[in-house]
Amino acid sequence: TKPMLEVLAQLEREDKPRYDLEKAKFEALDAAYASSKKAYLAAASSPEFALSPNVKELPTVVPQPVPPVPLRFTIDDITSQKMIRMAADRPQGLLAYMDEMKSWADNLTNPKTSENRSSWVKGYNAERALFDRVGDGSINIEHFALSMLGNMQPKVLRHNIDALGTDGLIQRFVFAILREEYMEKLDDPSVEITTTPEWEMLIRKIAALPPMEYMLSQDAYIAFREFQEWLMSITVS
């Protein structure tokens, strides 16, 4: 899976010049805002204005700028609190990629940690979400879209599956079991695994598209329904 995600990392790196420029503009506008606000407060608190508020005209306060955020598609070793703050600024959604999901599962099933399981569950529906936190106040996410991709050993899954399923968290995953011939295959460090140019161009095209609502075609819906029926059959058995 790692080579398939390299295009996302490359898109993030390519965005750095845009972010640096927007950050410099923001710092200039923010300085102008701070200066105008200081002048406004000084004039409003002066004795002249207190005696004749309708005579003295107050200075204009320029609009407060919104800080830019760097382009970010993937997250890895992150807490639910940090994930929420990042998602609030990225309506395109985030992909939580974890090469080893054991520590993530341990944190979510440990009652002594501060991890908020509902944060991970809510991201599944890609809808509006409101989080109220003592330290951060209210965080409103108009489009909370969170995808997850990772690897977990069977014994780790068996150990945590009951605890992860109490609130429907584990039920939102689709499991792909590695075939035995691949599990027994030794890695060859001399072979560089790469993806095809068609895959990279497809991801770049999707990333460049404006926000839109996607609908399954009739053939895609039939294929997805067949997959659901297959998944239900192996789950029940």
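What counts as what
Residues numbered from 1 in each chain as written. Predicted model: local features only at pLDDT ≥ 70, side-chain atom pairs only at ≥ 80, totals over all residues. Heavy atoms only, no water. Helix = DSSP H or I, 4+ residues; strand = E, 2+ residues; numbered from the N terminus. Expected span 1.5 Å × (residues − 1). Buried < 20%, exposed > 50% of the residue type's maximum accessible area, 1.4 Å probe, protein only. Patch = residues over 30% accessible without salt bridge, like charges linked within 9 Å, V, L, I, M, F, W, Y side chains within 5 Å. Areas by Shrake-Rupley, 256 points an atom, 1.4 Å probe, with all protein chains shown as cover. Salt bridge = Lys/Arg side-chain N within 4 Å of Asp/Glu carboxyl O. Lys, Arg positive; Asp, Glu negative; His and termini not counted. Charge placed at Lys NZ, Arg CZ, Asp CG, Glu CD. Core = buried A, V, L, I, M, F, W, Y, C linked by side-chain atoms within 4.5 Å. Contact = heavy atoms within 4.5 Å. Phe/Tyr/Trp six-rings, centres within 6.5 Å; stacked < 30°, edge-to-face > 60°. Lys NZ or Arg CZ within 6 Å of the ring centre and 35° of its normal. Axes fitted to C-alpha atoms, helices over the stretch in contact; angles between N-to-C directions. Left-handed = near helix turned anticlockwise from the far one by under 90°. Nonpolar A, V, L, I, M, F, W, Y, C, P; charged D, E, K, R; others polar. Pairing = 2+ DSSP bridges.

Visitor: Provide a residue-level description of helix H2 (residues 16-44), including the pertinent values.
Guide: Taking 1.5 Å as the rise per residue, H2 with 29 residues should run 42 Å; its terminal C-alpha atoms sit 41 Å apart, in good agreement. Looking at H2, one finds that the buried residues are Tyr 19, Phe 26, Tyr 33, Ser 36 and Ala 43.

Visitor: Describe in detail a negative patch on the surface, supporting the description with residues and values.
Guide: Taken together, Asp 76, Asp 77, Asp 99 and Glu 100 make up a surface patch of like negative charges. As for its position among the elements, Asp 77 is in the loop between strand E1 (74-75) and helix H4 (80-88).

Visitor: For the nonpolar core, give the residues involved together with the corresponding values.
Guide: Core analysis: the biggest nonpolar cluster contains 25 residues, and Ile 75, Trp 104, Trp 120, Phe 144, Leu 146 and Leu 169 have the highest contact counts within it. Sort the elements by how many residues they give to this core and H4 lands first, with four residues. In contact with Leu 146, other than residues within four places in its own chain, are Ile 75, Met 83, Leu 94, Ala 96, Trp 120, Gly 123 and Tyr 124. Counting residues in each nonpolar core, the second largest holds eight residues, with Leu 8, Phe 73, Tyr 97 and Ile 203 among its members.

Visitor: Can you break down the packing of aromatic side chains residue by residue, with the values?
Guide: As enumerated under the stated definition, the model contains four aromatic pairs in all. When the centroid spacing of 6.0 Å and the interplanar angle of 65° are considered together, the rings of Trp 104 and Phe 173 count as edge-to-face. Here Phe 173 lies in the loop between helix H7 (154-164) and helix H8 (180-183) and Trp 104 lies in helix H5 (residues 102-109), a separation of 69 residues in the sequence. Residue Trp 104 shares its accessibility class with Phe 173, and that shared class is buried. An angle of 85° between the planes, with centres 5.7 Å apart, marks the rings of Phe 131 and Phe 144 as edge-to-face. On the criterion of sequence distance, the pair formed by Phe 131 in strand E3 (residues 127-133) and Phe 144 in strand E4 (residues 137-144) is long-range, its members being 13 residues apart. Neither Phe 131 nor Phe 144 differs from the other in exposure class; each is buried. Aromatic ring contacts, followed pair by pair, group Trp 104, Trp 120 and Phe 173 into a single cluster. The residue whose ring lies beneath Lys 122 is Phe 131, and the NZ or CZ to ring-centre distance is 4.8 Å.

Visitor: Let's hear about the packing of H5 against H7: which residues, and what values?
Guide: How two helices pack is summed up by the angle between their axes together with the distance between the axes. Closest axis-to-axis distance for the H5/H7 pair is 10 Å, and the angle between their directions is 30°. The two elements H5 and H7 cross, and the hand of that crossing is left-handed. Only Val 156, Asn 160, Ala 163 and Leu 164 of H7 make contact with H5, whose side of the interface consists of Lys 102, Ala 105, Asp 106, Leu 108 and Thr 109. The class makeup of the residues in the contact of H5 with H7 is five nonpolar, two polar and two charged.

Visitor: If you had to explain the pattern of salt bridges to someone new, which residues and values would you point to?
Guide: Within this structure, the stated rule accounts for eight salt bridges. For Asp 15, the salt bridge identified is with Arg 18, shortest N-O distance 2.8 Å. Among the charged side chains, a network of salt bridges with common partners joins Glu 14, Glu 200 and Arg 204.

Visitor: Describe in detail the environment of Ile 161, supporting the description with residues and values.
Guide: Position of Ile 161 among the secondary structure elements: in helix H7. Among the residues examined, Ile 161 registers a relative accessible area of 34% and is labelled partly exposed. Taking the C-alpha atoms as reference points, Ile 161 and Gln 171, separated by ten residues in sequence, lie 9.5 Å from one another.

Visitor: Kindly report on the sheet that holds strand E2 (residues 94-98), identifying the contributing residues and their values.
Guide: The strand order across the open sheet built from three strands is E1-E2-E5, with neighbouring strands paired in parallel fashion. Across the chains shown, the open sheet's two edge strands, defined by having one partner strand only, are E1 and strand E5 (146-150). As defined by bridge partners, E2 adjoins E5 across five bridges and the pair is classed as parallel. Its bridge partner being in E5, Met 98 is matched across the sheet by Gly 150. Relative to the sheet, H4 contacts E1, E2 and E5, its axis offset from that of E2 by approximately 145°.

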